[in-house]
Amino acid sequence: QVQLVESGGGLVQAGGSLRLSCEASGRTFSPYYMGWFRQAPGKEREFVAAIRWSDGTGFQSDSVKDRFSISRDGAKNTVYLRMNSLKPEDTAIYYCAAYRANWGLPQTRSSYDYWGQGTQVTVSS
């Protein structure tokens, strides 16, 4: 069983930065992709970024690609989301997710088997 635990959320002023972390635990952990999604109040959960575990190739959604970056530390089974130039519209609960099958689209929620509990990010204006 894989468990994902996010950390690093909090309250930040617009223009500020945060780095979210997601540590995975489990006897064997070898995902195909890990991703970050977010859900704002009253909105659907949306894709933010994903990274292919084997080689660290990552990509972001168009709405954040110039401000956010995703990375991973294989030795620590941890994926990071670096968020710069934060805006009030980035306020949401951020979820980490992972899947193992070598098929499926990493920007699609239904591809993911495992989810963290989420961490709140609030950006004040």
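Structure: see above.
All of the points below concern the structure found in this document.

So, how was this worked out
- Residues numbered from 1 in each chain as written.
- Predicted model: local features only at pLDDT ≥ 70, side-chain atom pairs only at ≥ 80, totals over all residues.
- Heavy atoms only, no water.
- Pairing = 2+ DSSP bridges.
- Helix = DSSP H or I, 4+ residues; strand = E, 2+ residues; numbered from the N terminus.
- Axes fitted to C-alpha atoms, helices over the stretch in contact; angles between N-to-C directions.
- Disulfide = S-S within 2.5 Å.
- Buried < 20%, exposed > 50% of the residue type's maximum accessible area, 1.4 Å probe, protein only.

So, on to the sheet that holds strand S1 (residues 3-7). Pairing in this open sheet of 4 strands is antiparallel, and the strands run S1-S3-S8-S7 from one edge to the other. Of all strands in the sheet, those bounded by a partner on one side alone are S1 and strand S7 (68-73). On average, each strand axis in the sheet is inclined to that of its neighbour by 15°, with strand direction left out of account. The sheet contact formed by S7 and strand S8 (residues 78-83) spans 6 bridges and is antiparallel. Note on S8: the bridge partner recorded for isoleucine 70 is leucine 81.

What follows is about the state of the cysteines. Per the counting criterion, the structure on display carries 1 disulfide. One disulfide bridge connects cysteine 22 with cysteine 96, the sulfur atoms lying 2.1 Å from each other. An S-S torsion of about -75° defines the bridge between cysteine 22 and cysteine 96 as left-handed. In this pair, cysteine 22 sits in strand S3 (residues 18-25) while cysteine 96 sits in strand S9 (residues 92-99), placing the two residues 74 residues apart along the sequence. With a relative accessible area of 0%, cysteine 96 lands in the buried category.

Any link to function would need more than the numbers given here.
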